[in-house]
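The residues making up each chain are set out below.
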Amino acid sequence: MDKDAVNGNFAGTVVSPGEENWDQARAAWNLAADQNPAAVAYPESADDVVAAVNFARANGLGVAAQGTGHGAGSRGPLDGSILLKTERMKAIEIDADNGVGRYEAGVLWMEANPAAGEHGLANFSGSAPDVGIVGYTTGGGFGWLARRYGLACNNVRAIELVTADGEQRRVDADHNADLFWAVRGGGGSFGVVTAIEFDLAELPEVFAGSVIYPAGERSREIISRYFEWAPALPDDVTSIARFLQLPSLPQVPEPLREKPLITLGACYAGPESEGVELIQPIRELGEPVMDTFQTMPPFGLSAVHMEPDEPVPGVVYTASLREAPQEAIDSFIETAGPESGSPLLAAEIRQCGGALGESREGAGALSHLDAEYVFCGIGLPMSPEMGEAINRQLDAVCEALEPWSTESCYLNFADRPTDIEAIFAPETLERLRDVKRRYDPDGLISGNHNISLA
Ligand SMILES: Cc1cc2nc3c(=O)[nH]c(=O)nc-3n(C[C@H](O)[C@H](O)[C@H](O)COP(=O)(O)OP(=O)(O)OC[C@H]3O[C@@H](n4cnc5c(N)ncnc54)[C@H](O)[C@@H]3O)c2cc1C
């Protein structure tokens, strides 16, 4: 790639293979991903993105955008593409009077959340602090407030992006509504997003945390009690049950290291006095190893799951459950619990329903999650052998849950190469392909779980 040619109109930086910092440039947050693009470009503005897209089109290259690389496990090597890393595009604007937050494509949730929180407002971020706003939102966005407010993508007011023709567009319900629909849940295949504008929630405080028990003989009783408790919860509560096995690392609290654990977590979008009563049933299941429930500003939510905030290798996979009768719960425990010898770091069940289960007027391509629960398994492949064992275990859990699973799984939790037909329902996929044909007929721009025309 001719670096000077793109640099003519490009204020950012381009790194090409062979340069000293090439390995650093091509690395993703997910260290298991081996990306080998034609070049890596760091745009500093939407104009830079236009220059890079035009350069790629004129030179027979593709374009792949990345905020952090949390979702890189589902992508290929990116050969023949310019990898556009948006990490320098960091502007944050909060319009407190109108409850709107506008974030440029390189903003992480841990940057956007305190900024909104200063005004008593909340974003719809997920369980990890350093996930990027764009990948999370274009893939849906299932966070601790999801049963109350729905997916993050359905709380978006407008998206700014550069399409394959090099046009900068601001799409919303009244402008390029077809494109606006596709980018909200259909992934990053339709353009390079340069900024997203969200309608924020007025929510200064939440009551949230986890009660953590040892897993072992009582796993079945504790997990089954979770499944009795969760369905009766109001939509203001979002809850998650997990088997967790944390390594011995300085950032992991000592009592939690290298032990099989069960965490029952919840967030109540309301006052502590009511929250305490709502979570009481999961607090009385024995002597906890730790109980972290407390009142916090919503930006505290990204610490509840104690997820890594620095790059690690990862494999993540998922299944959506239309129901969870006792037989399904037993299958989950048998394949993901401590007796299974599972190498997974975490095997979690997230509760759906509430606003997550409703398709609101004007919603995006992922209008809602048509499931009662979502399983998400996560492993850290520190070696190729471990990677194989993790993949086998993820397959085993998904297979065991298959009798209760829906046909489509949740894009953001499918972080390994996955058949696109397993993610989108046929009519949604057809509509997404129509939009792709209209805005990117030559398939210049590719996303993870790419909507290709081939
Ligand atoms: C530890 C961890 C915790 C997680 N927790 C949650 C959670 O609670 N809820 C949830 O819903 N998901 C969660 N996820 C999944 C996460 O939302 C996805 O991996 C998401 O893709 C990450 O977005 P990113 O921008 O950080 O990653 P990236 O890998 O940078 O981006 C992922 C994809 O998004 C698209 N994309 C990114 N930037 C752009 C852009 N500027 N223009 C166009 N397309 C773009 C591309 O297709 C890209 O391949 C978690 C993942 C991890 C690893």
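Above this text is the structure in question.
What you see is a predicted model; the values in this text were computed from it and never measured.

For the rest of this paragraph, the subject is the site of the ligand. By nearness alone, 33 residues border the ligand, and G67, T68, G132, F142 and Y410 come closest of all. Between G67 and the ligand, the recorded distance is 2.7 Å, taken from a backbone N or O atom to an oxygen atom. The side chain of T68 places a nitrogen or oxygen atom 2.5 Å from an oxygen atom of the ligand. Elements with a contribution of two residues or more to the shell around the ligand: β3 (62-66), α5 (133-138) and β10 (192-199).

To continue, consider the packing of helix α10 (residues 326-336) against helix α11 (residues 384-401). Two measures define how a pair of helices packs: the angle their axes make with one another and the distance between the axes. Packing of α10 against α11 brings their axes to within 9 Å, and their N-to-C directions diverge by 165°. With respect to their mutual orientation, α10 and α11 come out roughly antiparallel. The way α10 lies across α11 gives a crossing that is right-handed. Seen from α10, the contacting residues are A328, S331, F332, T335 and A336; seen from α11, they are Q393, A396, V397, A400 and L401. In the contact of α10 with α11, the residues fall into seven nonpolar, three polar and no charged.

Turning next to the sheet that holds strand β5 (residues 92-95). Across the sheet, which stays open at both edges, the five strands sit in the order β5-β6-β10-β8-β9 with antiparallel pairing between neighbours. Each edge of the open sheet carries a strand with a single partner, namely β5 and β9 (168-171). For this sheet the average axis-to-axis angle between neighbouring strands, irrespective of direction, equals 10°. Pairing analysis gives four bridges linking β5 to strand β6 (residues 100-104), with the strands arranged antiparallel. When the bridges of β6 are listed, I92 appears paired with Y103.

For the structure shown, the criterion picks out two cavities of 30 Å³ or more. Of the pockets and cavities examined, the largest cavity occupies roughly 70 Å³. As for the largest cavity, its lining consists of N113, L121, A122, N123, S125, W144, L145, P298, F299 and L301. Classifying every residue of the lining of the largest cavity by side-chain character gives seven nonpolar, three polar and no charged. Mapping the lining of the largest cavity onto the domain boundaries places at least three of its residues in each of domain 2 (92-202 + 423-440) and domain 3 (206-413). Empty space within the second largest cavity amounts to approximately 40 Å³. Taken together, G150, L151, N154, A355, L356, E358, R360, A363, S367 and H368 form the lining of the second largest cavity. Here the residues of the lining of the second largest cavity are counted per class, giving four nonpolar, four polar and two charged.

Another point: α11. Over its 18 residues, α11 extends 26 Å from the first C-alpha to the last, a length consistent with the 26 Å expected when each residue adds 1.5 Å. Among all positions in α11, only G387, A389, I390, Q393, L394, V397, C398 and L401 are buried. End-on view of α11: buried residues confined to an arc of 165°, all on one side of the axis. Exposed side chains of α11 directed beyond 90 degrees from the buried face belong to P384, E385, R392 and E399. Tucked inside the fold, the buried residues of α11 contact β17 (315-321), α10 and β19 (373-379).

Definitions and cut-offs
- Residues numbered from 1 in each chain as written.
- Predicted model: local features only at pLDDT ≥ 70, side-chain atom pairs only at ≥ 80, totals over all residues.
- Heavy atoms only, no water.
- Near = heavy atom within 4 Å.
- Polar contact = N/O pair within 3.5 Å; in protein donor to acceptor, adjacent residues only side chain to side chain.
- Helix = DSSP H or I, 4+ residues; strand = E, 2+ residues; numbered from the N terminus.
- Axes fitted to C-alpha atoms, helices over the stretch in contact; angles between N-to-C directions.
- Parallel < 35°, antiparallel > 145°, perpendicular 65-115°, else oblique.
- Left-handed = near helix turned anticlockwise from the far one by under 90°.
- Contact = heavy atoms within 4.5 Å.
- Nonpolar A, V, L, I, M, F, W, Y, C, P; charged D, E, K, R; others polar.
- Pairing = 2+ DSSP bridges.
- 1 Å grid on protein atoms, 1.4 Å probe; cavity = no way out; pocket = protein on both sides within 12 Å on 5 of 7 lines; lining within 4 Å.
- Points joined across faces, edges and corners; volume = space filled by probe spheres on them.
- Domains from an automatic or database assignment.
- Expected span 1.5 Å × (residues − 1).
- Buried < 20%, exposed > 50% of the residue type's maximum accessible area, 1.4 Å probe, protein only.
- Arc of directions from axis to C-beta.

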